[in-house]
Amino acid sequence: ELGCGYGHWAFAAWAALKQKLGPKAPHKMLLVDVVDTHSTIAELIALNGPDPHSFHFHLGWIGGTDAAAAHNTSEPSAAAVNAAQRYQIAHYAHAWGTKASTGTKSQPESVVASVMSLPRLLAAYEMPCMVDMLDVDIQGAEIELFNSEATVRYLSRHVRRVHVGTHYPAWKDGLKGWHDKRGLKIRQLFRDHNWTETRVYNPGPYPGRTHSTSRGPVLFGDGIYSALNGNAIDC
């Protein structure tokens, strides 16, 4: 789960797995965020009862490539992904009252976050060759993550389903959102690699956008992009 917050989606997925396949069904969850919510997740694990060894937390930024990135407020021309990092880390760490993956005290206006590619992340935590589902809610940075043919090729070999929260512009000079030509390019990239879209609801400005669904009109705070992998995964 990329952009896990306090891990609510991961706990819901664990509960659904237990209900469908039984309490002893093998599973492994990897939760990732730029804000350090690890201690709260550990408390929730203790309250809800899953095996703590099956839940893993990574503090950092997941992008299309491996790199170290920094953004300083005195440099307005910094790359959009760095603006996105700075916004997310500052905003969510403050809103949630938690620690963030930040720079040094001597550089309070600079945010430094380790950027790791998705393949490297999954390898680092020895995740299974086949991943049942990748859930992504990273506040607009999904554009940077999926705007990479190498990433989509990797997903096509290892991941059965992707479910992405898509976003309206959040940064004045940052990422422009899933609804523009880059979002359309990413959707085409998935289709070119034999993925089938199951749900696509475009995002809108706050408080969201109402969409017609099989269960009637629903107001979504974020947009939704959900797709199934049509490729055989041979691990």
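These numbers were taken from a predicted model, which means no experiment stands behind them.

Novice: Got a sec to walk through the pairing of strand β1 (residues 29-33)? Specific residues and values, please.
Specialist: Across the 5 residues that make up β1, a large majority, 5, are buried. Burial along β1 is two-sided: Met29, Leu31 and Asp33 and Leu30 and Val32, pointing in opposite directions, are all buried. Here β1 runs beside strand β3 (residues 55-59); their pairing, made up of 5 bridges, is parallel. Across the sheet, the residue bridging to Asp33 is Leu59, located in β3.

Novice: Tell me about the pattern of salt bridges, and please be specific about residues and values.
Specialist: Across all of its chains, the model carries 3 salt bridges by this definition. Between Arg187 and Glu197 there is a salt bridge, with its nearest N and O atoms 2.9 Å apart. Of this pair, Arg187 sits in helix α7 (residues 181-192) while Glu197 is found in strand β10 (residues 195-201), placing the two residues 10 residues apart along the sequence. It is possible to trace a salt-bridge network through shared partners that takes in Arg187, Arg191 and Glu197.

Novice: Please set out the side chain of Asn229 residue by residue, giving values where relevant.
Specialist: Position of Asn229 relative to the elements: it lies in strand β13 (residues 223-229). You can call Asn229 buried: its relative accessible area is 13%. Leaving out residues up to four positions away in the same chain, Asn229 has contacts with Leu155, Ser156, Val159, Arg160, Asn194 and Trp195.

Novice: Any details on the packing of aromatic side chains? Residues and values, ideally.
Specialist: Tallied over the full model, the rule gives 5 aromatic pairs. Judged by centre distance (5.6 Å) and plane angle (65 degrees), the rings of Phe146 and Phe190 are edge-to-face. Separated by 44 residues along the polypeptide, Phe146 in helix α5 (residues 142-146) and Phe190 in helix α7 bring together distant segments of the chain. Take Phe146: its relative accessible area is 0%, and that puts it in the buried class. Ring centres of Tyr201 and Phe220 lie 5.0 Å apart, and the angle between their planes is 20 degrees; this geometry places the pair in the stacked category. One end of the pair, Tyr201, is in strand β10; the other, Phe220, is in strand β12 (residues 216-220), with 19 residues separating them in the sequence. Residue Tyr201 shares its accessibility class with Phe220, and that shared class is buried. Taken together through their ring pairs, the aromatic side chains of Phe146, Phe190, Trp195 and Tyr225 make up a single cluster.

Rules used throughout
- Residues numbered from 1 in each chain as written.
- Predicted model: local features only at pLDDT ≥ 70, side-chain atom pairs only at ≥ 80, totals over all residues.
- Heavy atoms only, no water.
- Buried < 20%, exposed > 50% of the residue type's maximum accessible area, 1.4 Å probe, protein only.
- Helix = DSSP H or I, 4+ residues; strand = E, 2+ residues; numbered from the N terminus.
- Pairing = 2+ DSSP bridges.
- Salt bridge = Lys/Arg side-chain N within 4 Å of Asp/Glu carboxyl O.
- Contact = heavy atoms within 4.5 Å.
- Phe/Tyr/Trp six-rings, centres within 6.5 Å; stacked < 30°, edge-to-face > 60°.

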